[in-house]
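Remarks on the overall topology
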Amino acid sequence: MRGLSPQSATRTALAQGRPEPTGEQVLLADVFDMVAHLDWHVQATAVTKKSDLPKKPKPYPRWWDTAPSRPKLSPARTARLDDARRRREERRRAIADGRIA
């Protein structure tokens, strides 16, 4: 496995069809993040008021990192959400019809 290239069919099949990143891609993403953070730090030190701080940079998107999947909602939670959506829609219709203010 270790001797195969990241684009080989075997490694791609083991990664569920997604090609693995090369070492250059991983390294470039890390370098991009470090430069963005360095730039942010330089900008942040030049600010006099704390409210003028620039937003922190977002990390470079790494397509090879899978985001953790959201937990499945329980049936009770789904029912409560559906009920809240139904009540919201009823209220919106009542406001549009002029029955309530």
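Parameters and conventions
- Residues numbered from 1 in each chain as written.
- Predicted model: local features only at pLDDT ≥ 70, side-chain atom pairs only at ≥ 80, totals over all residues.
- Heavy atoms only, no water.
- Helix = DSSP H or I, 4+ residues; strand = E, 2+ residues; numbered from the N terminus.
- Rg over C-alpha atoms; globule rule 2.2 N^0.38 Å.
- Buried < 20%, exposed > 50% of the residue type's maximum accessible area, 1.4 Å probe, protein only.
- Phe/Tyr/Trp six-rings, centres within 6.5 Å; stacked < 30°, edge-to-face > 60°.
- Salt bridge = Lys/Arg side-chain N within 4 Å of Asp/Glu carboxyl O.
- Polar contact = N/O pair within 3.5 Å; in protein donor to acceptor, adjacent residues only side chain to side chain.
- Contact = heavy atoms within 4.5 Å.
- pLDDT = per-residue confidence, 0-100.

Things to note about the overall build of the protein chain
Of regular secondary structure, the protein chain possesses 3 helices and 0 strands. Traced from its N-terminal end to its C-terminal end, the protein chain shows the element sequence α-α-α. Taken over C-alpha atoms, the radius of gyration comes to 25 Å for the protein chain, far larger than the 13 Å a tight globule of 101 residues would show. C-alpha extents for the protein chain along the principal axes are approximately 70 × 50 × 20 Å. Considering the protein chain as a whole, with its 101 residues, one finds that 12% of them fall into the buried category.

Brief notes about the packing of aromatic side chains
Inspection of the entire model under this criterion finds 1 aromatic pair. Seen in terms of ring centroids, Phe32 and Tyr60 are 5.1 Å apart; in terms of plane orientation they differ by 65°. Their pairing is edge-to-face. Of the two residues, Phe32 is situated in helix α2 (residues 23–45) and Tyr60 in the loop between α2 and α3 (75–97); the sequence distance between them amounts to 28 residues. Take Phe32: its relative accessible area is 45%, and that puts it in the partly exposed class. Residue classification places Tyr60 among the partly exposed positions, given a relative accessible area of 38%.

A closer look at the pattern of salt bridges
Per the counting criterion, the structure on display carries 9 salt bridges. A salt bridge links Arg62 to Asp30; its shortest N-O distance comes to 2.7 Å. Of this pair, Arg62 sits in the loop between α2 and α3 while Asp30 sits in helix α2, and the two are 32 residues apart along the sequence. Asp82 is paired through a salt bridge with Arg85; the nearest N and O atoms lie 3.2 Å apart. Pair noted here: Asp82 and Arg85 are both in helix α3, with a separation of 3 residues, about one helical turn. Residue class for Arg85 comes out partly exposed when judged on its relative accessible area of 46%.

Remarks on the side chain of Arg62
Since its relative accessible area comes to 18%, Arg62 is described here as buried. Engagement of the side chain of Arg62 in a polar contact is seen with the backbone oxygen of Ala29, the distance being 3.3 Å. At 2.7 Å, the side chain of Arg62 and the side chain of Asp33 are in polar contact. Sequence-distant contacts of Arg62, defined by excluding residues within four places in its chain, comprise Ala29, Asp30 and Asp33.

Topic: the side chain of Asp33
Mapping Asp33 onto the fold places it in helix α2. Residues contacting Asp33, with those up to four places away along its chain left out, are Lys58, Pro59, Tyr60 and Arg62.

Side note on the confidence of the model for the protein chain
For the protein chain, per-residue confidence averages 85 on the pLDDT scale, and residues scoring 70 or more make up 93% of the total. Of all helices and strands in the protein chain, the one with the weakest mean pLDDT is helix α1 (residues 9–14) (76), whereas α3 scores best (94).

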